[in-house]
Amino acid sequence: MTTPSQWRAGHISLFLCNTIWGAAVPMSKFILAGGIISSTVLADIRILSGTLLFWLASSALKPERKERVETKDYWKLFLAAFFSTVLVQLFYMKGISLSSPTEAAVCMTTLPIWTVLMSALHLHEKVNARKVGGILLGMSGTLLITLYGSSTASGGSISGAACCLLSQISYGVYLVFFQDIIKKYSPITLMKWKYLFGLVMLLPFSAKDMFLTQWPAISSAAWLALAFIIIFSTFISYFLVPFGQKYLQPTTVAMYNYLQPVTATLLAVAASQETFGLVKALAMLIVFLGVWLVSTSGIRRK
């Protein structure tokens, strides 16, 4: 039974990590807007720093807590890294560079929709009317923000929103098709190997861009934003999530995703990165309602 202190710890951890992820969107936009660091290089930095940090964290574990990966699972981890690290980071960063912070963050909340669709197709999970309604609503909202909510004035584009959606679909593939290794290994074991394999796959193709980047020209504000993304968004947040997953219901965990676009929008508007109009507000509400219907479709009501 969950104690009051564990319940509070779960809510605090989810509030913090989703606030961090929401804040990372306008911060990434700020870094990319400088024109010095490309979306590919920023993805490289996250994967490289994540590799170093998670391997250091793993080495600090007590011997009895360290896991050994079975030889037959390495190829699965390699494929998992391709979908959940390489494709996710590349599409995510490219999407942020081409879309406004609000559009990017709203698209990021659609993960439950794609996961349910793929689970129905691959795992033959039952899809009830509530889930179907949520999927259709969510898709309508993303279509609205993609076709009508994007504007050059706020840094948006259809291709940007599409890239953000592709990043979530890629992560959905990981969640659905790699459940065996997700359940088999601890988060830190998964993260260190996924980031390492992701680095091996991505760096040979982007090393030239890393080398040609004018690092001395990067502003101190951009370095601070980059440090926040590396330390908090890439590393610390992944240690906060398990608390919420352990002590709270899955639907509660999913509901905290709504905090990300709210945080991203508030910071982006405050930083004059974009404007927030009726179409975006309506699209956000439609997506939220769709994801809520999908996330709560399995709850039994007394």
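Before reading on, note that the structure itself is shown above.
Overview of the structure. Source: prediction; values computed, not measured. (Residues numbered from 1 in each chain as written. Predicted model: local features only at pLDDT ≥ 70, side-chain atom pairs only at ≥ 80, totals over all residues. Heavy atoms only, no water.)

Quick notes on the overall build of the protein chain
When helices and strands are tallied, the protein chain shows 13 helices and zero strands. Across the protein chain, helices and strands are ordered from the amino to the carboxyl terminus as α-α-α-α-α-α-α-α-α-α-α-α-α. Taking 2.2 N^0.38 as the reference for a compact globule, 302 residues should give roughly 19 Å; the C-alpha atoms of the protein chain span a radius of gyration of 19 Å, in line with that estimate. For the protein chain, the proportion of its 302 residues judged to be buried stands at 51%. Pairs at least 24 apart in sequence give 89% of the contacts found in the protein chain among residues at least 6 apart. Of the roughly 14900 Å² of accessible surface on the protein chain, 70% is carried by carbon and sulfur atoms. (Helix = DSSP H or I, 4+ residues; strand = E, 2+ residues; numbered from the N terminus. Rg over C-alpha atoms; globule rule 2.2 N^0.38 Å. Buried < 20%, exposed > 50% of the residue type's maximum accessible area, 1.4 Å probe, protein only. Contact = heavy atoms within 4.5 Å. Areas by Shrake-Rupley, 256 points an atom, 1.4 Å probe, with all protein chains shown as cover.)

As for the nonpolar core
Of all hydrophobic cores here, the largest spans 43 residues; its most connected members are I37, I45 and L226. With six residues, the single largest contributor to this core is helix α13 (residues 278–295). Beyond its immediate stretch of four places on either side in the chain, I45 contacts I37, M210, W215, L226 and I230. (Core = buried A, V, L, I, M, F, W, Y, C linked by side-chain atoms within 4.5 Å.)

Brief notes about the pattern of salt bridges
Under the defined criterion, the tally for this structure stands at five salt bridges. Notably, a salt bridge pairs E70 with K72, separated by 3.7 Å at the nearest N-O pair. Its relative accessible area of 37% is what places E70 among the partly exposed residues. (Salt bridge = Lys/Arg side-chain N within 4 Å of Asp/Glu carboxyl O.)

A word on helix α10 (residues 220–247)
When the terminal C-alpha atoms of α10 are compared, their 39 Å separation across 28 residues agrees well with the 40 Å that a helix rising 1.5 Å per residue should span. The axis of α10 is deflected most strongly, by about 45°, at S237. (Expected span 1.5 Å × (residues − 1). Bend = angle between axes of the 7 residues up to and from the residue.)

Describing the packing of aromatic side chains
The description of an aromatic ring pair uses the distance of the two centres, along with the angle that the planes make with each other. By the definition in use, this model includes 17 aromatic pairs. Ring geometry for Y74 and W193: centres 5.1 Å apart, planes at 75°, overall edge-to-face. Note that Y74 is positioned in helix α3 (residues 74–98) and W193 in helix α9 (residues 187–212), a separation of 119 residues in sequence. Its relative accessible area of 28% is what places Y74 among the partly exposed residues. Look at W193 and you get buried, because its relative accessible area is 16%. An aromatic cluster is built from W21, F54, Y195, F235, Y238 and F239, whose rings are joined through pairwise contacts. Here the basic side chain of K192 rests over the ring of W55, its NZ or CZ set 4.4 Å away from the ring centre. Over the aromatic face of Y174 sits the side chain of K194, whose NZ or CZ is 4.1 Å from the ring centroid. (Phe/Tyr/Trp six-rings, centres within 6.5 Å; stacked < 30°, edge-to-face > 60°. Lys NZ or Arg CZ within 6 Å of the ring centre and 35° of its normal.)

Looking at the environment of K194
Tracing the backbone shows K194 in helix α9. Overall, K194 belongs to the buried group, its relative accessible area being 3%. Among residues more than four places away in sequence, those in contact with K194 are L77, A80, A81, S84, T85 and Y174.

A closer look at the packing of helix α5 (residues 111–122) against α13
The contact between α5 and α13 brings their axes to 9 Å, and the two run at 45°. Classed by the angle they form, the pair α5 and α13 counts as oblique. The way α5 lies across α13 gives a crossing that is left-handed. Between α5 and α13, the contacting residues are P112, I113 and V116 on the first element and V291, V294 and S295 on the second. (Axes fitted to C-alpha atoms, helices over the stretch in contact; angles between N-to-C directions. Parallel < 35°, antiparallel > 145°, perpendicular 65-115°, else oblique. Left-handed = near helix turned anticlockwise from the far one by under 90°.)

Some points on the side chain of D44
On the secondary structure map, D44 appears in helix α2 (residues 39–59). Put simply, D44 is tucked away with no salt bridge, and the nearest opposite charge, on R46, sits 11 Å away. Once residues lying within four places of it in the same chain are set aside, the contact partners of D44 are L202, L203, S206 and M210. (Lys, Arg positive; Asp, Glu negative; His and termini not counted.)

Some thoughts on α3
Compared with an ideal rise of 1.5 Å per residue, which puts 25 residues at 36 Å, α3 spans 34 Å between its outermost C-alpha atoms and is within 8% of the ideal. The sharpest bend along α3 comes to roughly 35°, located at A81.

Observations concerning the packing of helix α1 (residues 4–33) against helix α12 (residues 259–270)
The contact between α1 and α12 brings their axes to 7 Å, and the two run at 45°. When the interaxial angle is binned, α1 and α12 end up oblique. With respect to the hand of their crossing, α1 and α12 are arranged in right-handed fashion. Here α1 contributes F15, N18, T19, W21, G22, A23, V25 and P26 to the contact with α12, which in turn contributes L259, Q260, T263, A264, L267 and A268. Of the residues that constitute the contact of α1 with α12, the class distribution is nine nonpolar, five polar and no charged. (Nonpolar A, V, L, I, M, F, W, Y, C, P; charged D, E, K, R; others polar.)

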